[in-house]
Amino acid sequence: MWIIDHNPPPLFNDSNAKAHIDLLLKSSEDDHKIWPHSFEFRLRVSLAAEGYLSIISRVRNVNSKPFSFSFAYHTYLSISDISEVRVEGLETLDYLDNLYQKERFTEQGDALTFESEVDRVYLDSCNTVAVLDHERKRTFVIRKEGLPDVVVWNPWEKKSKAVADLGDEEYKQMLCVDGAAVEKPITLKPGEEWTGRLELSVVPST
């Protein structure tokens, strides 16, 4: 279970001027039945007055042996209509397509738009990705550090019906754009710590 970390280790490059909470998750005996490595996962969630959201994750290896893991933030965005949005910042990147057994392709368009189900991992992306919602005239700006990849997912009509907490038509109003480390797992030696950061803001657009 997550607990509030009242005395977290110092976190550099993060202003305490924002409202924030520090959480701590330690591996349990039940966890070891699934994944036999001991870890500490520290999570800071910060929110600024304008709705600027920052999420910082720190994973420490408290095991006696190295371990490797993949990581992704599940950033679900509320949008006007999936047919009215576009994702910029992924141009010319290679991606793994989970709809085609993780076959590798190269993005050909100037921006990613949506006409059917999408489940892709864009590799070695830049640290800033933008999601433009034309109808609402706003843009989500996603900035990331320590997370080389970007996962883009929308289940579309057929698969949304199989998701228990998603209404049959709600796929039209959501888009998942995640900062992630998927292709190359993160490896930590005993005592080492990894830090990943995602910052999400909303700005007006035309």
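The name that an unreviewed UniProt entry assigns to the protein chain is Glucose-6-phosphate 1-epimerase, with the source organism given as Stylosanthes scabra.

Draft legend 1. Looking closely at the overall build of the protein chain. Secondary structure assignment for the protein chain yields two helices and 15 strands. Relative to the globule expectation of 17 Å for 206 residues, the C-alpha radius of gyration of the protein chain, 18 Å, shows essentially globular dimensions. The buried share of the protein chain, reckoned over its 206 residues, is 47%. Pairs at least 24 apart in sequence give 67% of the contacts found in the protein chain among residues at least 6 apart. About 11,600 Å² of surface is accessible on the protein chain, with carbon and sulfur atoms providing 52% of the total. Side chains of the protein chain give 24 positive and 35 negative charges; the mean places of these two sets differ by 5 Å.

Draft legend 2. Examining the sheet that holds strand E11 (residues 128-133) more closely. Reading across from one edge, E1-E2-E3-E4-E15-E12-E11-E7 is the order of the eight strands in this open sheet, with antiparallel pairing throughout. Pairing within the sheet leaves two strands with one partner each, and these edge strands are strand E1 (3-4) and strand E7 (85-88). Inspection of the sheet shows E1 paired to strand E2 (residues 19-26) by two bridges, in the antiparallel sense. Counterpart to isoleucine 4 in the pairing with E2 is leucine 23.

Draft legend 3. View of the pairing of strand E8 (residues 94-97). Where E8 meets strand E9 (residues 103-106), four bridges bridge the pair, whose relative direction is antiparallel. Residue pairing for E9: tyrosine 95 is matched across the bridge by phenylalanine 105. In this structure, the hairpin formed by E8 and E9 is closed by a connection of five residues, where glutamine 101 is found at a positive phi of approximately 50°. With three bridges joining them, E8 and strand E10 (residues 118-122) adopt antiparallel strand pairing. Its bridge partner lying in E10, leucine 96 is registered against valine 121.

Draft legend 4. A look at the nonpolar core. By size, the foremost hydrophobic cluster in this structure holds 40 residues, and its most contacted members are Leu90, Phe114, Val152 and Leu175. Per element, the largest residue contribution to this core is five residues, and it comes from strand E14 (residues 174-188). Leu96, Leu123, Val151 and Ala180 belong to the second largest nonpolar core, which has five residues in total.

Draft legend 5. Structural view of the packing of aromatic side chains. One pass over the full model with this rule turns up 13 aromatic pairs. On the basis of an interplanar angle of 50° and a centroid distance of 5.3 Å, the ring pair of tryptophan 156 and tyrosine 171 is categorised as tilted. Remark: tyrosine 171 occurs in the loop between helix H2 (156-160) and E14 and tryptophan 156 occurs in helix H2; sequence separation between them is 15 residues. In this pair, the class of tryptophan 156 matches that of tyrosine 171, namely buried. Feature note: the residues Trp2, Trp35, Phe39, Phe41, Phe67, Phe69, Phe71, Tyr73 and Trp194 constitute an aromatic cluster, connected by ring pairs.

Conventions used here
- Residues numbered from 1 in each chain as written.
- Predicted model: local features only at pLDDT ≥ 70, side-chain atom pairs only at ≥ 80, totals over all residues.
- Heavy atoms only, no water.
- Helix = DSSP H or I, 4+ residues; strand = E, 2+ residues; numbered from the N terminus.
- Rg over C-alpha atoms; globule rule 2.2 N^0.38 Å.
- Buried < 20%, exposed > 50% of the residue type's maximum accessible area, 1.4 Å probe, protein only.
- Contact = heavy atoms within 4.5 Å.
- Areas by Shrake-Rupley, 256 points an atom, 1.4 Å probe, with all protein chains shown as cover.
- Lys, Arg positive; Asp, Glu negative; His and termini not counted.
- Charge placed at Lys NZ, Arg CZ, Asp CG, Glu CD.
- Pairing = 2+ DSSP bridges.
- Core = buried A, V, L, I, M, F, W, Y, C linked by side-chain atoms within 4.5 Å.
- Phe/Tyr/Trp six-rings, centres within 6.5 Å; stacked < 30°, edge-to-face > 60°.

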